[in-house]
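Take a look at the letters that make up each chain.
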Amino acid sequence: MANRLTIDQDSLIDNDSEKQVEFTAEIDSDDRDFAVKYAVLREVSGDEPDNDALELFERFSDEILDICADLAELRPTANLITVKASDLE
């Protein structure tokens, strides 16, 4: 399945204090804000995201972006869509 959203690469940041990767993405012509918790990166990669969270995010972005798109549909009015490990299944 093709990703249904497109990341604004300039918005992609590692927010170490909140233990999450944050970004803005366009979905259905709307910009939405996302946060992917380190626990998600750990679950999909099997590695701790301490110093390489952005690298892990990029490596597993297909799977993560599919989850983000699904959550965006489920939470259409959310200002920030936070992806947690419990969202994986």
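Here the structure is a predicted model, which means the values were calculated and not measured. (Residues numbered from 1 in each chain as written. Predicted model: local features only at pLDDT ≥ 70, side-chain atom pairs only at ≥ 80, totals over all residues. Heavy atoms only, no water.)

### What about the environment of Phe60?
Step number 1: Looking at where Phe60 falls in the secondary structure, it is placed in the loop between α2 (53–59) and α3 (61–74).
Step number 2: A residue is classified by how much of its surface remains accessible, and Phe60, at 21% relative accessible area, is partly exposed.
Step number 3: Taking C-alpha positions, Phe60 is 7.3 Å from Ser45, a pair spaced 15 residues apart along the chain.
Step number 4: Here Phe60 is in contact with Val44 and Ser45, once residues within four sequence places are set aside. (Helix = DSSP H or I, 4+ residues; strand = E, 2+ residues; numbered from the N terminus. Buried < 20%, exposed > 50% of the residue type's maximum accessible area, 1.4 Å probe, protein only. Contact = heavy atoms within 4.5 Å.)

### What about the pattern of salt bridges?
Step number 1: Enumeration according to the criterion identifies 4 salt bridges in this entry.
Step number 2: Measuring nitrogen to oxygen at the nearest pair gives 3.5 Å for the salt bridge that ties Lys19 to Asp16.
Step number 3: Judged by its relative accessible area of 39%, Asp16 is partly exposed.
Step number 4: For Glu48, the salt bridge identified is with Arg42, shortest N-O distance 2.9 Å.
Step number 5: Looking at Arg42, the relative accessible area reads 33%, which means it is partly exposed. (Salt bridge = Lys/Arg side-chain N within 4 Å of Asp/Glu carboxyl O.)

### Quick notes on the packing of aromatic side chains
Step number 1: Applying the stated rule across the entire model yields 2 aromatic pairs.
Step number 2: Judged by centre distance (5.2 Å) and plane angle (15 degrees), the ring pair of Phe23 and Phe34 falls under stacked. You can see Phe23 sitting in strand β3 (residues 20–27) and its partner Phe34 sitting in strand β4 (residues 30–37), a full 11 residues away along the chain.
Step number 3: With a relative accessible area of 2%, Phe23 lands in the buried category.
Step number 4: What makes Phe34 buried here is its relative accessible area of 1%.
Step number 5: Taking the centre distance of 5.3 Å and the plane angle of 50 degrees together, the rings of Phe23 and Phe57 count as tilted. With Phe23 in strand β3 and Phe57 in helix α2, this pair connects stretches of sequence that are 34 residues apart. The residues Phe23 and Phe57 share a single accessibility class, namely buried.
Step number 6: Among the aromatic side chains, those forming a connected cluster through ring pairs are Phe23, Phe34 and Phe57. (Phe/Tyr/Trp six-rings, centres within 6.5 Å; stacked < 30°, edge-to-face > 60°.)

### Thoughts on α3
Step number 1: Taking 1.5 Å per residue as the helical rise, α3 with its 14 residues ought to reach 20 Å, and the 20 Å between its terminal C-alpha atoms agrees with that figure.
Step number 2: Those residues of α3 that fall on the buried side of the exposure criterion are Ser61, Ile64, Leu65, Ile67, Cys68, Ala69, Leu71 and Ala72.
Step number 3: Contacts from the buried residues of α3 go to β1 (6–7), β3, β4, α1 (38–45), α2 and β5 (80–83). (Expected span 1.5 Å × (residues − 1).)

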